[in-house]
Every structure is written in structure tokens, then in C-alpha cells.
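Results of the structural survey
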Amino acid sequence: MAQLNVQHVDKIYDNNVQAVFDFNLDVKDGELIVLVGPSGCGKSTTLRMIAGLEDISAGHLLLDGKDITQTPAKDRDMAMVFQNYALYGHMTIYENMAFSLTLRKENPNVIHKKVLAAAEILGLTSQLNKKPSQLSGGQRQRVAMGRSIVRNPKVFLFDEPLSNLDAKLRGATRREILLLHKRLQATMLYVTHDQTEALTLADRIVCMSMGHVQQVGTPLELYDDPANRFVASFIGLPPMNFFDATVREGFLEGCGFKVRLSEEEKGILLPYAGKEIELGVRPEDVQEGTETALNVFSNENLGMNTLVHGHIGDNNRISAKLRGWYDYKAGDNVNVAFARKHFFDKASGEAIRKGGKA
Amino acid sequence: MNDEKTVRLDRMRYTKNSMASGLALLSILFDVIFFISIYESNVGSWYYNILMGASILYNLIFLLAAFLCSEGIKNYKIGYAYVMIALGLGQLARIFIYPVKAHAATVTIQEQAVTVMETAQFTRCVAYLVLSAVCLFIGAYVGMTRSRQLKAHLEALGVAA
């Protein structure tokens, strides 16, 4: 198992387009790190640089303290699982899993033991004589993982491995990856654009946007205490509601709402007295109450919850995830309150937190 | 399943018998070279024309049969080993049909007596047929041995073959 240190890594392509800016990350031994962000944010590029499939333009990559920045991909002792499985169609599952070890000219008996052990972990023992085309998408992805496991690498790299699977299979395979991580206690880096995968799998999440790291933290930290407006909007489903608001004495005032501040919130917003900030409220923090009226324009019943879309004031769009089953009609007014609020600096988008730090 | 021999046997459950299969393919290769070599003969009579035609026809059958054996023996099907032995014996028998008869015979071409098959060509043809037969025999032996070993191993594991 291994520690990985990514230090001030940049990626600049030949056409001078910079995809990754000053990426820093210390991955502890046995940690599962998820790189999450929208398409084109540089997360896959970062993973490919770590794997050695892309050159690192600047910075250093250390594995167990050893600089591997210039080390070729094959010598990095990392295994990568791709979105499209990358299995050899003419080989059986056994041969696919054994292939990398065969290339290394390992003892065939040792290869056999490793393949059987990996197949056992992944529940593929009965499929070993089949060809990839005879397996389902989830099974193929497990084969791709098995191919990594047999190599016993120091670091596992996953590049959106579940994107080709349907929703049900994705959930099942996600749980398998989690179990696999618990069982192997391996250092893993996992790239996804799906925040649900990030929240459910990660020990820590690296949230990226436009090549920059926005926040590194545990799933709860990113959900509960987002560093900026981007993280707040990206993590959480449905996304957070944002409203322009002015800080008044003891309350926040915006278009169509006026919400009272707690003593702690007053303290946080003290430097912003009289100024305009951005108020963020998660849909699940919008509850029935008396602070403001939500004018409904659609109502989605999800079973345990009802997702109500509407607006407050003239044009402040809002989504509320209310517990229970409601049948609001378009045009209905629902009185709501904000149970928990997040504040963001209007100019920088940074979170306004305790201690006045923005 | 920790000792080396058991692991080696267990490997056969998931790997093909590529050695036996490869030998069958090699025998096809030697046969093809033989097939090309016989065209250098000085065929000057209908008798040798017929012999060569028959050899060509047999060759087509041999190519098909040997290829099927190569595929069958790859999957540890013991029956194909017996077919390979028969094909090997056939290759040895062929030596005494076309090359030997042609080497001993002379024909008249443009009022000149010539040997149907010169000694050098004869030697090459015999060598190719022998090599082809040897490959088939060894392949059959390897195929037979491994198939039996695998069968015994599967029986010991209680798995259907």
C-alpha cells in the first residue's frame, strides 16, 4: 500500500491550453479519494498524469516518498480501470485477468493463483472461461477491476468506471467497489462527475472546476461546509438555492423574503453589515414555516419526499424538498422557512464562515 | 491446491492446450511446403499427372482435417488426438506413393529421358512429410496426456468435464 503526494502539478498542452492549475494533494495509505467535478474540469487529466499517461508540465509526483514524475507508466506500480473496460474481446476472462502478469513473464502457477483469488473476491469464478461479450456491463467492469487486482498495485486509479452502466447496476457496482476497498485496504483514486458516487464512496473528495481544486475534504465537509459557491452548487441534489440578500441588523433581506438571523449568524455576517451577499439554502433545508411564501409552479412526488419548485418574490427560483407527500398545484402559496443557511461573498463566491474568513 | 503440480493441472481448466494445437498447425505448415515442392516435378505422363492430382486432393482434405484437429485438441478433446495419429500415419504413407514412385521413374520430355523427381527434391519432400507426421504424433501425445490429466483432475475436484 502507498502514500501518494501530488505537489504543485500543472498541465499545459502544446497549444498552451492549461487544463490543470497548481494541483496539490496528499493521499494517505489506504485512502479512497474521489476527484469530482463537471466535464472538462481537469479531473481525468489529473488522473492520467498520476497514471503516467499524460506528461506533467510542472510539479512533482511522489509515491512513498520517491519522485516518479518522469517514471514511465508501466513502472509506476499503479493500475487503472477505464470507463470502457478495455478488455480484449478475443480472450477469455481468465486470459484477460492474467494478461498483464503474462506480459511480465511471471510464473504461470503464480498467475493462476492470483487470478483465482481475484475472481473469488469479485465473484467471477464461474465466468472465467467466458468471453467479455458474454458478460453484462457490471461483470465486465468487475473483470477490469480484477485485472487491476491481480497486479497488486500500490495505487488503484478509476476513471469514471460506472459511467457506462445503467442506474441500477451503477448502484450495485458502486457498493462492490466500496466493499473491495474495505477488503483490500488499497490506496485508490476515483474520478467521477457523479456527486452521488463521490459522496457515497469517498474518504475524501477533491472538488474541481476549470482546472482548479475548489475544496478538499470529507463528503460531510463538502456538503455541510462548502468552501465556495461552486462547491455548494455542485454537491447536493437537487442543487442548493441561491438568493441575493442584504445584511440588515438581525435579519437578511432579499427579493420576496426577510429571514431572521441567529446570534451565531449575526456574528458571522458582522463584517458584511449593510452589504449584499449571496444566501444559499439547500432544498432539504427549506421547511414549512413562516419566513416567506413559496409560489409553486411544479410539484414532484418522490415517495418519502415531495420536490416543490417555485419562486419567492418576483424571480427568485427555489426548490424545496419537503418531507411527506404533498399535492400542490401551480399557483399555490406555501409558507416556508430556511432551517440552515450558507452565506457567500457576492464578489469572490467564497463562503463566509465563522471568524470572518471569506 | 497449493502444490505446484495441482496448480499446473488446475490451470488447464482455464487455458487452452496451445502446445498440441500449435504442433498440429506446424504440421500443416510442413505439409504446405511439401505441397509447393512437388510442383517442381518433371511430370511427363498422364500417370504422374493423376498421382499429383490425387495428392492435391488429399492435401485439401488433410489441411481441413488437421486444422479441425488443431481446434479440437486445443480444447482438450481427446478424440482429435486419435485423428491426428491417423493423419500422421497418412503423411508417412504418402512418402511411398508420390515421392518414392516419382523418384524412381523416368519420363520422356522433348525426346529426353528425365527423372520425374530429382534426388534433392525427393529428399526435401520426404523430410517435409516426416516433419509433418512427427508434429502430428507429438501433438497427439501431448493432447492425449493433458486431456487425461485434466479429466482426472476434474474428477478429483468433483467438477463435470
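Residues numbered from 1 in each chain as written. Chains lettered and ligands numbered in written order. Predicted model: local features only at pLDDT ≥ 70, side-chain atom pairs only at ≥ 80, totals over all residues. Heavy atoms only, no water.

All names here are of chain A. Taken in spatial order, the five strands of this open sheet run β13-β12-β11-β14-β19, and their pairing is antiparallel. The open sheet terminates on both sides in strands that have one partner only, identified here as β13 (257–260) and β19 (342–345). For this sheet, the mean inter-axis angle between neighbouring strands, taken without regard to orientation, is 40°. As paired strands, strand β11 (residues 241–248) and strand β14 (residues 276–281) are joined by six bridges and run antiparallel to one another. Following the sheet pairing, F242 is matched in β14 by G280. (Pairing = 2+ DSSP bridges. Helix = DSSP H or I, 4+ residues; strand = E, 2+ residues; numbered from the N terminus. Axes fitted to C-alpha atoms, helices over the stretch in contact; angles between N-to-C directions.)

Next up on the list: the nonpolar core. In terms of nonpolar packing, the biggest core is built from 44 residues, with V34, V36, M97, V115, L128 and Y190 of chain A touching the most fellow members. When residues in this core are grouped by element, the largest group, six residues, is from helix α3 (residues 108–122) of chain A. (Core = buried A, V, L, I, M, F, W, Y, C linked by side-chain atoms within 4.5 Å. Buried < 20%, exposed > 50% of the residue type's maximum accessible area, 1.4 Å probe, protein only.)

Side chains that differ in sign of charge can pair as their charged atoms come close. All names here are of chain A. For the structure on display, the rule yields 19 salt bridges over all chains. For the salt bridge of R229 with E278, the shortest nitrogen-to-oxygen distance reads 2.7 Å. Here E278 lies in strand β14 and R229 lies in helix α8 (residues 229–234), a separation of 49 residues in the sequence. Its relative accessible area of 31% is what places R229 among the partly exposed residues. Across the salt bridge formed by K341 and E265, the nearest N and O atoms sit 3.5 Å from each other. Here E265 lies in helix α9 (residues 263–268) and K341 lies in the loop between β18 (333–338) and β19, a separation of 76 residues in the sequence. Since its relative accessible area comes to 12%, E265 is described here as buried. (Salt bridge = Lys/Arg side-chain N within 4 Å of Asp/Glu carboxyl O.)

Residue and element names in this part refer to chain A. At a closest axis distance of 10 Å, the pairing of helix α4 (residues 137–150) and helix α5 (residues 167–184) adopts a crossing angle of 20°. It follows that α4 is roughly parallel to α5 by the angle criterion. At the point where α4 passes α5, the crossing takes the right-handed sense. Contacts between α4 and α5 pair G137, G138, R142, M145 and I149 from the former with L169, T173, E176, I177, L180 and L184 from the latter. For the contact of α4 with α5, the residue count by class is six nonpolar, three polar and two charged. (Parallel < 35°, antiparallel > 145°, perpendicular 65-115°, else oblique. Left-handed = near helix turned anticlockwise from the far one by under 90°. Contact = heavy atoms within 4.5 Å. Nonpolar A, V, L, I, M, F, W, Y, C, P; charged D, E, K, R; others polar.)

Facing the eleven residues of chain B at the interface are twelve residues of chain A. For the chain B and chain A pair, buried surface summed over both sides reaches about 970 Å², with 55% attributable to carbon and sulfur atoms. Remark: the boundary between chain B and chain A carries zero salt bridges. The tally of links from chain B across to chain A stands at four residue pairs in polar contact (both at pLDDT 80 or more). Along the lines of polarity and charge, the residues of the side of chain B that touches chain A split into three nonpolar, two polar and six charged. (Buried area = accessible area lost by both parts, 1.4 Å probe. Polar contact = N/O pair within 3.5 Å; in protein donor to acceptor, adjacent residues only side chain to side chain.)

The next point concerns the packing of aromatic side chains. Using the criterion set out here, one finds 14 aromatic pairs over all chains in the structure. Plain terms: the ring middles of Y58 of chain B and F62 of chain B are 6.5 Å apart, the flat faces sit at 35° to each other, and that makes the pair tilted. With Y58 of chain B and F62 of chain B both in helix α3 (residues 46–74), this residue pair falls four residues apart, about one helical turn. According to the relative accessible area criterion, Y58 of chain B is partly exposed, its value standing at 27%. When its relative accessible area of 0% is taken as the criterion, F62 of chain B is described as buried. Members of the aromatic cluster, joined through ring pairs, are F156, F158 and Y190 of chain A. Positioned over the ring face of Y272 of chain A is K275 of chain A, at 5.9 Å from the centre of the ring. (Phe/Tyr/Trp six-rings, centres within 6.5 Å; stacked < 30°, edge-to-face > 60°. Lys NZ or Arg CZ within 6 Å of the ring centre and 35° of its normal.)

Right, let's talk about unusual backbone geometry for a bit. Residues and elements named next belong to chain A. The peptide bond linking L237 to P238 adopts the cis configuration, its omega dihedral lying at -5°. Along the chain, P238 falls in the loop between α8 and β11. Here the phi dihedral of N16 falls at roughly 70°; this positive angle occurs in a residue that is not glycine. By the secondary structure assignment, N16 is in the loop between β1 (4–12) and β2 (18–27).

This part takes up the sheet that holds strand β17 (residues 316–323) of chain A. The strands making up a sheet are joined through hydrogen bonds of the backbone, oriented either antiparallel or parallel. Residues and elements named next belong to chain A. Strand order in the open sheet made by the four strands is β17-β16-β15-β18, with antiparallel pairing throughout. Edge strands, defined here as strands with exactly one partner in the open sheet, are β17 and β18. This sheet shows a mean twist of 50° between the axes of neighbouring strands, independent of strand direction. In this sheet, strand β16 (residues 305–312) lies alongside strand β15 (residues 286–301) in antiparallel orientation, the contact comprising six bridges. In the sheet register, N295 faces β16, and the bridge partner there is H311.

Residue and element names in this part refer to chain B. For chain B, per-residue confidence averages 90 on the pLDDT scale, and residues scoring 70 or more make up 98% of the total. Within chain B, no element has a lower average pLDDT than strand β1 (residues 106–109), which sits at 78, and none a higher one than helix α4 (residues 79–95), at 96. What the predictor reports for the complex is a pTM of 0.81 with an ipTM of 0.75. (pLDDT = per-residue confidence, 0-100.)

Residue and element names in this part refer to chain A. Residue position: K114 is located in helix α3. When its relative accessible area of 28% is taken as the criterion, K114 is described as partly exposed. Considering only alpha carbons, one finds K114 and I318, 204 residues apart in sequence, at a separation of 54 Å. Setting aside residues no more than four positions away along its own chain, K114 makes contact with L101, E106 and V150.

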